[in-house]
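# Structural features, examined
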Amino acid sequence: MDEKDTVILRELQKNSRISARDIAVMLEVDEREVEDRISALHAAGVLRRCTAVIDYSAAGVDEVAVILSLKVTPERGLGYDGIAAQIARFPQVESILLLTGTYDLQVIIRGQSMADVSRFVAEQIASIEGVRETMTQIVMRTYKEQGVEMSRPGSRDRQLITF
C-alpha cells in the first residue's frame with residue numbers, strides 16, 4: 001500500500017459514490033489504474049465495503065440503538081475472539097470493539113424497538129457462555145456518525161423510548 005492507495009481510501013471513506021475518474025484526476029493517473037487499485041484493495045481485505053451513512057430519524061424511521069458493554073471470560077486458546085465471533089453473527093449487531101478498562105467488549109446494537117433490543121440482549125447475548133456481565137446504554141441522539149454530522153440545526157427532538 002502506498003500514498004496513492006491511502007488517498008483512494010480517504011476519498012472513498014468521505015464519499016463512497018465518488019467515481020474512479022474523479023479520483024484519477026486528483027491523483028493525476030489513469031482511471032484504469034484507480035480501478036485496479038480499488039480492486040486490489042478489495043481483494044486484500046483492506047477495503048471491506050463502500051456504504052452509505054443514513055440518518056434514519058431524518059427519514060422518519062424509528063429505530064433504537066444501544067451501546068452494550070460486556071465483561072467476558074476469554075476462551076482458552078481463542079481469547080476474546082471466540083465470544084466476539086459468536087456475537088458478530090447476529091444481524092442486529094452493528095459493531096464489536098475490544099476495549100481496555102472496566103468492560104472487555106463494546107457492542108453497538110440496532111433494533112425496531114426497545115422491547116426487541118432488550119429481548120435480544122437477554123436471550124441471545126447474555127446467554128452466551130463466557131458473558132459475565134452486561135451494561136446497556138440507550139442512544140438518545142446521534143450527533144455524528146462515521147465522520148458525518150447528523151444533527152439538524154434547530155432540531156431538539158429526541159427519540160421517544162418506550163418499554
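Report follows, based on the coordinates. (Residues numbered from 1 in each chain as written. Predicted model: local features only at pLDDT ≥ 70, side-chain atom pairs only at ≥ 80, totals over all residues. Heavy atoms only, no water.)

### Some details on the layout of surface pockets
Estimates place the volume of the second largest pocket at around 500 Å³. Among the elements that line the lining of the second largest pocket, the one with the most residues is helix α1 (residues 3–14), at five residues. Among the residues forming the lining of the second largest pocket, the class breakdown is eight nonpolar, six polar and four charged. (1 Å grid on protein atoms, 1.4 Å probe; cavity = no way out; pocket = protein on both sides within 12 Å on 5 of 7 lines; lining within 4 Å. Points joined across faces, edges and corners; volume = space filled by probe spheres on them. Helix = DSSP H or I, 4+ residues; strand = E, 2+ residues; numbered from the N terminus. Nonpolar A, V, L, I, M, F, W, Y, C, P; charged D, E, K, R; others polar.)

### Some thoughts on the sheet that holds strand β1 (residues 64–72)
Here we have four strands laid out as an open sheet, ordered β2-β3-β1-β4, and antiparallel in their pairing. Looking along the sheet, the strands with just one partner apiece sit at the ends: β2 (93–98) and β4 (131–138). Taken over all neighbouring pairs, the strand axes of this sheet differ in orientation by 20° on average, direction set aside. In this sheet, β4 lies alongside β1 in antiparallel orientation, the contact comprising seven bridges. Along β4, the bridge assignment pairs Val 72 with Val 131. Contacting β1, β2, β3 (105–111) and β4, helix α4 (residues 81–88) crosses the sheet at an angle of about 170° to β2. Across the sheet, helix α5 (residues 114–125) touches β1, β2, β3 and β4, and the angle it forms with β1 is around 20°. (Pairing = 2+ DSSP bridges. Axes fitted to C-alpha atoms, helices over the stretch in contact; angles between N-to-C directions. Contact = heavy atoms within 4.5 Å.)

### Details of α5
Along α5, the positions that sit buried rather than exposed are Met 114, Val 117, Phe 120, Val 121 and Ile 125. Take α5 and look down its axis: the buried residues cluster within an arc of 125°, on one side only. (Buried < 20%, exposed > 50% of the residue type's maximum accessible area, 1.4 Å probe, protein only. Arc of directions from axis to C-beta.)

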